[in-house]
Amino acid sequence: MKKTVSLVITMLICIMSFAQVTQPYYLMHDYRKVDGKELKVMLENEEHFWSKVGQLLVKEGKLTTWNVLERVGGLESEPNILFLIGIGSKQNMHDLNETFDYGAKKVMASMGKDEAIFVKRGLNIDDHRVGMAILNMANYESVEGKRDYIKMNYSKVSDVAKMNQLQGKIWGSFIKKSMESGAVNQKTWSSSNVVSPLGTGYDWNYVSADGYTNYEDVLDGGWSATPTIPDLSEIGKLIGGTGAFHKSVTWKVLMSVNNKGEYTKH
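Residues numbered from 1 in each chain as written. Predicted model: local features only at pLDDT ≥ 70, side-chain atom pairs only at ≥ 80, totals over all residues. Heavy atoms only, no water.

Visitor: Sorry, what's going on with the pattern of salt bridges here?
Guide: Scanning the model with the defined rule gives nine salt bridges in all. In this structure, the salt-bridge partner of Asp-127 is Arg-129, at a minimum N-O distance of 3.2 Å. Residue Asp-127 is classed as buried on the basis of its relative accessible area of 16%. Among the charged side chains, a network of salt bridges with common partners joins Asp-30, Arg-32, Asp-127 and Arg-129. (Salt bridge = Lys/Arg side-chain N within 4 Å of Asp/Glu carboxyl O. Buried < 20%, exposed > 50% of the residue type's maximum accessible area, 1.4 Å probe, protein only.)

What follows is the structure, encoded as structure tokens:
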């Protein structure tokens, strides 16, 4: 995890009610491609060490959430692990490099001297990173319930500011009412735009994310009956005129630290 941080800084330099987020709320998407025994070791490191770092940093307000996800289905050539980190404020983003170093050292110091030697040795593995992006969350909705699966819809939009506005006004309002009424077994929804890296060389710059408890709800959308979908033509015009996503990928949440610093192995 610690190799992530300096890259993030470099990239940037070169409850809930219906809300459009007005202050920057930064998220990190850190994509990995890891197979076999290396995957087992990585996940053990995340569970037994980096999750403790995540808990510490969230409790101290230096991060907002920490999640490790594994791809469900899709192409074997694509990333299969996603670290989804809630960074939060601009100040947290600015301090991120020091934050992870601080957290790792503090957790390591809490261990016995002999134990720390073996932990350091176990953490010395290839990170297998294949891509990373920093996003700013524009909209977020949630209802009570466990989120074990996240369907991420990646798209390339022509006007990010307008997309953020329309997503909140049209789809956000609709999905909020649907989740609250129980018309859909969806637990969270968000939309976020990429702030780094940018440019025409990238296939997507926008992500909407739907959170569910069960995989079967991911497959059929979780609707109790066929819904009356609002007019999405304005949103569709911003996605190449067709309204089609670049791709949709389902991720299984393997472990998480929520905004209270509570760890869960899913």
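That covers the picture; the talk isn't over yet.
Visitor: Where do I start with unusual backbone geometry in this structure?
Guide: Backbone geometry follows two general trends: most residues other than glycine have a negative phi, and most peptide bonds adopt the trans configuration. Pro-197 follows Ser-196 through a cis peptide bond whose omega is 0 degrees. You can see Pro-197 is positioned in the loop between β7 (186–196) and β8 (206–212). Although it is not a glycine, His-128 sits at a positive phi angle of roughly 55 degrees. Mapped onto the fold, His-128 is located in the loop between α5 (113–123) and β5 (129–142). (Helix = DSSP H or I, 4+ residues; strand = E, 2+ residues; numbered from the N terminus.)

Visitor: Please clarify how the confidence of the model for the chain should be interpreted in this entry.
Guide: As a general rule, the predicted coordinates of low-pLDDT regions are not to be interpreted in detail. On average, the chain scores 90 in pLDDT, and the residues at 70 or more come to 91%. Here residues 6–18 is modelled with pLDDT under 50, and outside its nearest four sequence neighbours on either side it reaches 32 contacts, counting other chains as well. (pLDDT = per-residue confidence, 0-100. Contact = heavy atoms within 4.5 Å.)

Visitor: Where do I start with the pairing of β8 in this structure?
Guide: Each regular strand displays side chains that alternate between the two surfaces of the sheet. Most of β8 is tucked away, with seven of its seven residues classed as buried. Neither face of β8 is left uncovered, since the one carrying Tyr-206, Ser-208, Asp-210 and Tyr-212 and the one carrying Val-207, Ala-209 and Gly-211 both have all their residues buried. One ladder, built from seven bridges, connects strand β6 (residues 149–155) with β8; its direction is antiparallel. Opposite Asn-153, over in β8, you have Ser-208 as the bridge partner. By the bridge criterion, seven bridges tie β7 to β8 in an arrangement that is antiparallel. Directly across from Ser-192, in β8, lies its bridge partner Val-207. (Pairing = 2+ DSSP bridges.)

Visitor: Where do I start with the packing of aromatic side chains in this structure?
Guide: For any pair of aromatic rings, the description consists of the separation of the ring centres together with the inter-plane angle of the planes. Summed over the entire model, instances satisfying the criterion amount to seven aromatic pairs. Relative to Tyr-215, the ring of Tyr-149 lies with its centre 5.5 Å away and its plane at 40 degrees, an arrangement referred to as tilted. In this pair, Tyr-149 sits in strand β6 while Tyr-215 sits in helix α7 (residues 215–220), placing the two residues 66 residues apart along the sequence. By way of ring pairs, the aromatic residues Tyr-31, Tyr-154, Trp-204 and Trp-251 are connected into one cluster. The aromatic ring of Tyr-154 is capped on one face by Lys-247, whose charged end is 5.6 Å from the ring centroid. The lysine or arginine in question, Lys-252, covers the ring of Tyr-149, its NZ or CZ lying 5.5 Å from the ring centre. (Phe/Tyr/Trp six-rings, centres within 6.5 Å; stacked < 30°, edge-to-face > 60°. Lys NZ or Arg CZ within 6 Å of the ring centre and 35° of its normal.)

Visitor: Would you mind going over the side chain of Asn-153 with me for this structure?
Guide: Among the secondary structure elements, Asn-153 is positioned in strand β6. Residue classification places Asn-153 among the buried positions, given a relative accessible area of 4%. Looking at Asn-153, its side chain comes within polar contact range of the side chain of Asp-210, at 3.4 Å. (Polar contact = N/O pair within 3.5 Å; in protein donor to acceptor, adjacent residues only side chain to side chain.)

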